[in-house]
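Below, each chain spelled out in residue letters.
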Amino acid sequence: MTERLTNAKRVVVKIGSALLVDAATGKIRTVWLKTLAADIARMRTRGQQVIVVSSGAIAVGSKALGLGPRASLALEESQAAAAYGQIGLARAYQEALDGHDIKIAQVLLTLGDTEGRRSYLNARSTLTKLLDFNLVPVVNENDTVATTEIRYGDNDRLSARVASMVDADCLVLLSDIDGLYTDDPAKNKSATLVREVSDITADIEAMAGTAGTDMSTGGMITKLEAGRIATQAGVHMVIARGAVDHPLQAIEDGANATWFTAHATPADARKRWISGSLKAVGTIVVDDGAERALGRGRSLLPAGVIKVTGRFDRGDAVIVKNMSGVELGRGLAAYGSTDAARIAGHKSGEIEALLGYRGRDEMIHRDHLALNRTAKDTKSELPK
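1. Examining the packing of helix H8 (residues 155-165) against helix H10 (residues 220-232)
- Axis separation between H8 and H10 bottoms out at 8 Å; the angle between their running directions is 10 degrees. Classified by the angle between their axes, H8 and H10 sit roughly parallel to one another. When H8 is examined against H10, the residues Asp156, Arg157, Ala160 and Arg161 are found in contact with a partner set consisting of Thr222, Lys223, Glu225, Ala226, Ile229 and Ala230.
- Residue composition of the contact of H8 with H10, by class: four nonpolar, one polar and five charged.

The structure is reproduced here in structure tokens:
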């Protein structure tokens, strides 16, 4: 199962506050962080892309500001602590990775950023571009602006949303425990480690306890929720003990861990979501040339669009039809209906002149397009 990590092209690593921050002093464990940085550097040398989802800002800030445990803080106190602590958190990651000539980028997200389709697409595009620039994005919840109603409250689920968003192959949850046990091992010495979960059933959920330490708001319950999000998106997930030097290397070497198995690739899961879970609010009709290009796995360019109907915003699901009215598939529009109609039939190089801003070259990117089987079946009939 460790090959799911070593062979993954894109990996998301979640680090909790209890691992990163010393509870007594509120200081970041820089020695441990350097070993994690060495693991990340090794993974990058073999061609893997890494995104870090890190807690710790509130833990660092609350101690420095003389506040109490996180659970006792009012919302505005948590936000102030996060604003202060986030600076030190980002600096610690940059210093740890600088020794390997790796640069980071800080990304702050809220629950709404990962659930609203427009903000979801913006966040996805930004994270993907940061990886293209060979940076390591360090993601945290934007606690300084999020209210109680729109917060995740833990970074387990946030990391799963990020992994789903960027089509990661593997999500690593570094924890203060080495996986899911049949019962609380601190209370029941006969509890045994569950090494693989192929389906999160009621029996599996019953094994989860409540939140763990004063430093974190998570626990095994939120990790199971993260597992459900990740595996449904085609992402393998592993829970492993992080409180060891070189924690990622330890997983690769076969340390105790619980693996949650995805039963589809991220791309397949994403296509199913687009085709089956989203309500289409508009239609785009394409010409014969665009239909052939889509059959070859290309993106839909404005030049191939001959008609736009319905009212939709960027990120909304739309139906793609050919000139005979046959539905070819569904996708997420890169433009709202008004702008889409204005650039329909035009080359991508004309978009800026027509709209007054430089948008995407594609009307629908191929990553956001799910073709029907009939459309895919024509692929072999198309000219090379």
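2. As for the layout of surface pockets
- In this structure, the second largest pocket encloses a volume near 580 Å³.
- For the second largest pocket, the lining is made up of 22 residues, of which Arg124, Thr128, Arg360, His365 and Asp367 are closest to its centre.
- Counting residues per element, the ones that place at least two in the lining of the second largest pocket are helix H7 (117-132) and helix H12 (266-277).
- With seven residues, H7 is the largest single contributor of residues to the lining of the second largest pocket.
- Counted by class, the lining of the second largest pocket contains four nonpolar, six polar and twelve charged residues.

3. Looking at the nonpolar core
- Judged by nonpolar contacts, the single largest core of 44 residues is most densely connected at Val12, Val139, Val162, Leu171 and Met237.
- Contributing elements (two or more residues each) for this core: strand E2 (49-54), strand E3 (104-109), H7, H8, strand E5 (170-175), H10 and strand E9 (236-241).
- Top contributing element to this core by residue count: H7, with six residues.
- Not counting chain neighbours up to four residues away, the residues in contact with Val162 comprise Val12, Ile51, Val53, Leu109, Leu127 and Val139.
- Counting 39 residues, the second-largest nonpolar core is a separate cluster that includes Leu36, Met43, Ala57 and Ile251.

Cut-off values and rules
- Residue indices follow the written sequence of each chain, beginning from 1 at its first position.
- In keeping with the model being predicted, local features are shown solely for residues with a pLDDT of at least 70 and side-chain atom pairs are shown and tallied solely at 80 or more, while totals for entire chains, interfaces and linings include all residues.
- Computation of side-chain values: all heavy atoms of the structure, hydrogens and water removed.
- Interaxial angle, 0 to 180 degrees, is taken between N-to-C directions of lines fitted to C-alpha atoms, where a helix line uses only the stretch in contact.
- To qualify as a helix, a DSSP run of H or I must reach at least 4 residues; to qualify as a strand, a run of E must reach at least 2; elements of each kind are numbered from the N terminus.
- Any angle that is under 35 degrees is reported as roughly parallel, and any over 145 degrees as roughly antiparallel; angles of 65 to 115 degrees are reported as roughly perpendicular and all others as oblique.
- Whether two residues touch is decided by their heavy atoms; if any such pair falls within 4.5 Å, the residues are in contact.
- Charged means Asp, Glu, Lys or Arg here, nonpolar means Ala, Val, Leu, Ile, Met, Phe, Trp, Tyr, Cys or Pro, and polar covers whatever is left, Gly included.
- The method works on a 1 Å grid over the protein atoms by themselves. A cavity is a set of points holding a 1.4 Å probe that cannot get out, a pocket is an open set with protein on both sides within 12 Å along at least five of seven lines, and residues with an atom within 4 Å of a point line them.
- Grid points are joined across faces, edges and corners, and a volume is the space filled by probe spheres set on the points.
- Nonpolar core, defined: a set of buried Ala, Val, Leu, Ile, Met, Phe, Trp, Tyr and Cys residues in which side-chain atoms within 4.5 Å join the residues together.
- The cut-offs for exposure are 20% and 50% of the maximum accessible area for each residue type, with area from a 1.4 Å probe on protein chains only; residues under the lower value are buried, those over the upper are exposed, and the others partly exposed.

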